[in-house]
Amino acid sequence: MGAGTARAAEVSYATECLPPPISGLPPVEGTTTVDVQAPATAKVGDEVEVVWKTVQAASKNPPILDLEENTVLPTGTITVGGAQTGELAMEGPRENPAIPKDSPMKLSDMKGKLKLTQAGEVTLTPGAYNINVSKPLSTDTKCSAKEAVKAAATIKVTGSGGTTTGGSTTGGNTTGGNTTGGNTTGGNTTGGNTTGGNPTGGNTTGGNTTGGNTTGGGGGGDSYTGKEVQVAYACKTPIGDKNATSPVQINAVKKSGSFDLTVKFGKSVMDSPADIPADSVKPSMAVKVGGADKGTVAVAGPTNKGPIKSGDPIEIPDLTGTYKPGASGKSALTPGVLTVKALGTTTTCTPAKDTQVSLELDTTAQPGGTSGGDSGSSGTSGSGTSGSGTTSGGGASTSGGLAETGASDHGGLKALGLVAGTAILLGAAVFTLTPWRKLRGTR
C-alpha cells in the first residue's frame, strides 16, 4: 500500500528578507503564506513527496526592472517534527511568467522527498527560503521566519520497520530518522554590482596638421597627453545617490583641424563582487569644453566584450570621440558628466564641484564646430556638465597650471561599481517586500 490521500494546509508568518550585500539595502520585512501538501497517512519506510506552494511571497518586484520568464528559482527548508525530526530541502524549477516591475513575485512550486522512519505523527513546518534570479545577472535574496511558525501539514505514519501492512505499533528505532533534506539549496551569489568590462579603448590615429601646445604634458608631434585629474562625482541611480572619486585623463590626436579624444580612467581599485555578463555595460561622457571654445564633446566606450568573473578587477574602458573646435585660441578640456547604461538601467554621474582641466589645446575654428552646436561625429550633450566646466579664466588653469594630482594609488573609486555598471541595482531589484510592519525610510 502507498501513502494516503494528500493533505494540504496554509500558514502565514512574518518574514525578513536580506537583499544581496552588494546592494547596500537594509533588511526588509513582509508576510509569507505557504500551502504545504503531503500525504495524510503513510507507513514507516515510505518515501513521500512534499510540495511547498508559495501562495504569497513576502515581496513584490520593485519598480526598477521587468523580470523575464523562467529566470526565478526558489529553494527552501521545511522543518520535520513530531515523531521524526530533521530538515527537508525543497527546490522548485526555474519556471515563472514574466514579472513586470512593481508587481507581485511569482514563485514555482517547490518539492522534496521525505523518507519516513518513525511511526507517529510527523509535522511539516515551512521556514527559510531563498530566491535566485538568473538574469540579467545571478542574484540571491535570503528570507527567514521572524516568528514561530505553525505546522502546515501532518502525516500519520503507521507500522514498525516500515515493511509490512502492519497496524499502529509504536516504538521501534530512535526518533530523528533521516530526511532526504538538508539545508536549503541556492547559492550566495551577491547580485551583481559592476562596472563595464576590460578597457578596449586606445587612441585613434591622427593625421598631420599643425600641432598646438598643451599644458597637460607633451605628447610630441600631433599627439597631446593630458594631466590625470581627480574627479569627484555625484551619481544619481534608481536606488539612490552615490558618490565616487575617479582619476581621469584626456588625451588627443590632431586630425585635419579636429581632435580624436581618448578619455582614460585610472587603474581598477575594486574587484567584481559577482559574475558580470558580456555586453552588459556601456559608458559615455560629455567632455566639457572651455576657454576660447565652449560646449561639450560626446565620447563613449565599448561594452565589455567578455564576462567579468567574480573577484577579477573591474576596469573602465577608454572613451573615444571627435572634437571639432568651434573657436580659435586656447581651449580647455575637462571631464564632464559620466553616463552608464547597464542591463536596462541608467546611472548619471555629475562632477560634484568644479573639476580641474585635464588638457589644453591650441584650436582653430572649424565649420560646424563645437561652439553653439554639434561637436563632431559623436555629437554633443548640450547642457550635460555641471559647474563652470573650465577651471581657468581665458585658458589658464587655476593656480597657474594644471593641477598636479595624478595620485599614484588612483584614489578611491570605491563607488565605481555603481558608477560604471548598475548591476548592483539588480541585487536591490530582487525584492521589495510587502510590509507587515511599517518600514523605516523609503524603498
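Residues numbered from 1 in each chain as written. Predicted model: local features only at pLDDT ≥ 70, side-chain atom pairs only at ≥ 80, totals over all residues. Heavy atoms only, no water.

Examining the overall build of the protein
Here is the rule: Helix numbers and strand numbers start at the N terminus; a helix is a DSSP run of H or I with at least 4 residues, a strand a run of E with at least 2. The cut-offs for exposure are 20% and 50% of the maximum accessible area for each residue type, with area from a 1.4 Å probe on protein chains only; residues under the lower value are buried, those over the upper are exposed, and the others partly exposed. We call two residues in contact when some of their heavy atoms are within 4.5 Å. The protein chains shown are the only cover counted for residues, whose accessible areas, like all others here, come from Shrake-Rupley with a 1.4 Å probe.
The helix and strand tally for the protein stands at two helices and 22 strands. Within the protein, the fraction of its 443 residues that count as buried is 49%. Long-range contacts, defined here as pairs at least 24 residues apart, represent 77% of the contacts in the protein between residues at least 6 apart. With the model as given, the accessible surface of the protein reaches about 18300 Å², and the carbon-plus-sulfur share is 49%.

Focus on unusual backbone geometry
Despite not being glycine, Asp-102 shows a phi value in the positive range, around 60°. In the Ramachandran plot, Ser-256 falls in the positive-phi region, its phi being about 55° despite a non-glycine side chain. Tracing the sequence through the fold places Ser-256 in the loop between strand 15 (240-255) and strand 16 (258-265). The exposure class assigned to Ser-256 is exposed, which follows from its relative accessible area of 60%.

What about the confidence of the model for the protein?
What counts is decided by this rule: Across the chain, each position has a pLDDT score giving the predictor's confidence in that residue, from 0 to 100.
Per-chain confidence: the protein averages 72 in pLDDT, with 62% of residues scoring 70 or above. In the model, residues 161-221 has pLDDT below 50 throughout and makes 194 contacts with residues more than four positions away in sequence or in other chains. In the predicted structure, residues 372-443 sits below a pLDDT of 50 and forms 209 contacts with residues beyond four places in sequence or in another chain.

Thoughts on the nonpolar core
To be explicit about the condition: In this text, buried Ala, Val, Leu, Ile, Met, Phe, Trp, Tyr and Cys residues form a nonpolar core when linked through side-chain atoms within 4.5 Å.
Judged by nonpolar contacts, the single largest core of 38 residues is most densely connected at Val-50 and Leu-124. Counting residues per element, the ones that place at least two in this core are strand 1 (6-18), strand 2 (28-39), strand 4 (47-56), strand 6 (72-82), strand 7 (86-91), strand 9 (110-115), strand 10 (120-133) and strand 12 (153-158). Looking at which element gives the most residues to this core, the answer is strand 10, with five residues. Excluding its chain neighbours within four sequence positions, the residues that come into contact with Val-50 are Val-36, Gln-37, Ala-38, Ile-78, Leu-88, Met-90, Met-110, Lys-111, Gly-112, Leu-114 and Leu-124.

As for the side chain of Ser-358
Rule in force here: Think of a polar contact as two N or O atoms within 3.5 Å of one another; within protein, one of them needs to be a possible hydrogen donor and the other a possible acceptor, and neighboring residues in sequence only count if both atoms come from side chains.
Checked against the element boundaries, Ser-358 lands in the loop between strand 21 (345-351) and strand 22 (359-363). Polar contacts involving the side chain of Ser-358 include one to the main-chain amide nitrogen of Ile-250, which spans 2.9 Å.

A look at the state of the cysteines
The criterion, for reference: Cysteine sulfur atoms that come within 2.5 Å of each other are treated as a disulfide pair.
In this structure the tally under the stated criterion is two disulfides. Disulfide partner of Cys-17: Cys-143, at an S-S distance of 2.0 Å. The S-S bond linking Cys-17 to Cys-143 shows a torsion near 110°; that makes this disulfide right-handed. With Cys-17 in strand 1 and Cys-143 in strand 11 (residues 139-145), this residue pair connects regions lying 126 residues apart in the sequence. Classification of Cys-143 as buried rests on a relative accessible area of 3%. Residue pairing for Cys-235: its cysteine sulfur links by disulfide to Cys-349, the two sulfurs lying 2.1 Å apart. What sets the handedness of the Cys-235 and Cys-349 disulfide is the S-S torsion sign, and at about 115° it is right-handed. Here Cys-349 lies in strand 21 and Cys-235 lies in strand 14 (residues 229-237), a separation of 114 residues in the sequence. The class for Cys-235 is buried, based on a relative accessible area of 2%. Looking at Cys-349, the relative accessible area reads 0%, which means it is buried. If the cysteines joined by disulfides in the protein are listed in sequence order, their pairing comes out as 1-2, 3-4.

Brief notes about the packing of aromatic side chains
To keep things clear, this is the line we draw: Each Phe, Tyr or Trp ring, with Trp reduced to its six-membered ring, pairs with another whose centre is within 6.5 Å; inter-plane angles below 30 degrees give stacked pairs, above 60 give edge-to-face pairs, and intermediate values give tilted ones.
All chains considered together, the criterion is met by three aromatic pairs. Relative to Tyr-323, the ring of Phe-259 lies with its centre 6.0 Å away and its plane at 25°, an arrangement referred to as stacked. Of the two residues, Phe-259 sits in strand 16 while Tyr-323 sits in strand 19 (residues 319-323), which places them 64 residues apart along the sequence. We classify Tyr-323 as buried; its relative accessible area is 0%.

Remarks on the environment of Val-253
Tracing the backbone through its elements, the reader meets Val-253 in strand 15. Residue classification places Val-253 among the buried residues on the basis of a relative accessible area of 9%. In this structure the C-alpha to C-alpha distance between Val-253 and Tyr-323, which are 70 residues apart in sequence, comes to 9.9 Å.

Remarks on the pattern of salt bridges
Note the threshold: Just to be clear on terms, a salt bridge is a Lys or Arg side-chain nitrogen sitting within 4 Å of an Asp or Glu carboxyl oxygen.
One pass over the full model with this rule turns up four salt bridges. Close ionic contact of Glu-16 with Lys-146 constitutes a salt bridge, the shortest N to O distance being 3.7 Å. A residue pair is termed long-range when its members are at least 10 positions apart, and Glu-16 in strand 1 and Lys-146 in the loop between strand 11 and strand 12 qualify at 130 residues. Exposure remark for Glu-16: the relative accessible area of 18% places this residue in the buried category. For Lys-146, a relative accessible area of 44% translates into the label partly exposed. The closest approach of N and O atoms between Asp-109 and Lys-53, which form a salt bridge, is 2.5 Å. Taken together, the residues span a long stretch of sequence, with Asp-109 in the loop between strand 8 (103-104) and strand 9 and Lys-53 in strand 4 at a distance of 56 residues. On the basis of relative accessibility, which here comes to 28%, the residue Asp-109 falls in the partly exposed class.

Describing the pairing of strand 12
Consecutive residues of a regular strand have side chains that alternate between opposite faces of the sheet. Selection rule: Each pair of strands is called paired provided DSSP finds at least two bridges between the two strands.
Summarising the sheet, strand 3 (residues 41-43) and strand 12 pair through three bridges and their orientation is parallel. If you follow Lys-43 over to strand 12, its bridge partner there is Thr-158. Pairing analysis gives five bridges linking strand 10 to strand 12, with the strands arranged antiparallel. What sits directly across from Glu-121, in strand 12, is Lys-156.

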